[in-house]
Amino acid sequence: MGKTYFSYSNTLRNGYNEDACFICEDFGFVLDGATGLSGEKVTEEKSDALWLVTKVKNYLIQNLANKSKSIAEILTDCVEYVFKEYNKLLNGRIVIDAPSCCVSIFRIEQNKIVFYTLGDSPILVKLTNGKIKQICRKDLVKFDQTTIRIFKKYQHSNSCSFYDACKSNNHIILNRRVELKNKPKGYYVFGESKGVIKFGKTVCYDLKNVDEILIMSDGYSQIYDLFKIVKAKEMFNCINNEKDADYYYQKLVSCQQEDSLYNRYPRFKLSDDSTIIKIKFI
């Protein structure tokens, strides 16, 4: 069975991207680092989220080829390794908001494809029968939607833009994140607790039944799930290489800039880091 694949990542952020990705014939993944809201910085990178996704990316590239361990086992080991390094840098310092990231992975294991996701980076799978499946945990999405409702209420009460509501209530996002991150009534992401990995969603398909796979950070998935530039099922036909991925990213950015006050499409920032990987079986 032949394969074609590519990866693409872009950002409007000046100088660095808190997403990371990798793809090869046997596995691929997307990481979406959580932008720090507390202003704390421990590492020498431009942000601690960038430091985290760089460390996790390098670890997964080196270890996902080891099929004797499950994806969850590798991620558990990864948490232990990465946060041992982070705690050395902390040197006893207490931080309000330690770095975290969303992670979504596919890996070919003999005649199966195993998917794992923790956070809100969606996986779209096109089956050979034409059906489209989305694999994504809903807890972080619900968490964000609840925060958006809080901001909309503030927007209405204060007759302001959604942008101004976000700016005035940044502390609410931080407080909710600290209070509810990796908690049963909150949401789960890759972070300092290795016990969280068990809450990731694992799905398995027969390799023969899978035609194409797309994995995106939520910054890129806005193309279909927020701005609705194309439908989810159309993503497979529209995006076949890096040039296509960039074309739709630029269309997304144009739509975001036209809604600079976030009123038509409520969100927490003008434009998020945007990443996509694709593999097609031929």
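Below is a summary of the structure that appears in this document. For clarity, every value in this text was computed on a predicted model and none was experimentally measured. (Residues numbered from 1 in each chain as written. Predicted model: local features only at pLDDT ≥ 70, side-chain atom pairs only at ≥ 80, totals over all residues. Heavy atoms only, no water.)

## Considerations on the overall build of the protein
Right, on to step 1. Summing up its helical and strand segments, the protein has 8 helices and 10 strands in all.
Right, on to step 2. Taken against the 2.2 N^0.38 rule, which gives 19 Å for 282 residues, the C-alpha radius of gyration of the protein at 19 Å falls within 12% of a compact globule.
Right, on to step 3. A principal-axis box enclosing the C-alpha atoms of the protein has dimensions of 60 × 45 × 35 Å.
Right, on to step 4. Counting over 282 residues, the protein shows a buried share of 51%.
Right, on to step 5. Taking as baseline every contact in the protein between residues at least 6 positions apart, the subset at least 24 positions apart corresponds to 71%.
Right, on to step 6. Summed over its atoms, the accessible surface of the protein is roughly 13500 Å², and 48% of this surface lies on carbon and sulfur atoms. (Helix = DSSP H or I, 4+ residues; strand = E, 2+ residues; numbered from the N terminus. Rg over C-alpha atoms; globule rule 2.2 N^0.38 Å. Buried < 20%, exposed > 50% of the residue type's maximum accessible area, 1.4 Å probe, protein only. Contact = heavy atoms within 4.5 Å. Areas by Shrake-Rupley, 256 points an atom, 1.4 Å probe, with all protein chains shown as cover.)

## What to know about the pattern of salt bridges
Right, on to step 1. A full pass over the atoms with the stated rule returns 17 salt bridges.
Right, on to step 2. Taking the shortest distance from any N to any O, the salt bridge between K112 and D206 comes out at 2.5 Å. Of this pair, K112 sits in strand 5 (residues 112–118) while D206 sits in strand 8 (residues 201–206), and the two are 94 residues apart along the sequence.
Right, on to step 3. Classification of K112 as partly exposed rests on a relative accessible area of 31%.
Right, on to step 4. Members of the salt-bridge network, linked through shared partners, are K126, D211, E212, K278 and K280. (Salt bridge = Lys/Arg side-chain N within 4 Å of Asp/Glu carboxyl O.)

## Some points on the environment of T35
Right, on to step 1. Structurally, the position occupied by T35 is in the loop between strand 3 (27–33) and helix 1 (48–63).
Right, on to step 2. By relative accessible area, T35 is classed as partly exposed at 21%.
Right, on to step 3. Taking the C-alpha atoms as reference points, T35 and S47, 12 residues apart in sequence, are found 8.0 Å from one another.
Right, on to step 4. The contact partners of T35, leaving out residues within four places of it in the chain, are R13, E18, R177 and K269.

## Brief notes about the environment of D26
Right, on to step 1. Positionally, D26 belongs in the loop between strand 2 (19–23) and strand 3.
Right, on to step 2. Note on D26: relative accessible area 36%, which makes it partly exposed.
Right, on to step 3. Separated by 23 residues in the primary sequence, D26 and A49 place their C-alpha atoms 27 Å from one another.

## Side note on the pairing of strand 9 (residues 210–216)
Right, on to step 1. In terms of burial, strand 9 is a largely internal element, 7 of the 7 residues being buried.
Right, on to step 2. Both strand 6 (residues 123–127) and strand 9 contribute to a ladder of 5 bridges, which runs antiparallel. By the bridge assignment for strand 9, V125 is matched with I213.
Right, on to step 3. Looking at chain direction, strand 9 and strand 10 (residues 274–281) are connected through 5 bridges and run antiparallel. For M216, the partnering residue across the bridge sits in strand 10 and is I276. (Pairing = 2+ DSSP bridges.)

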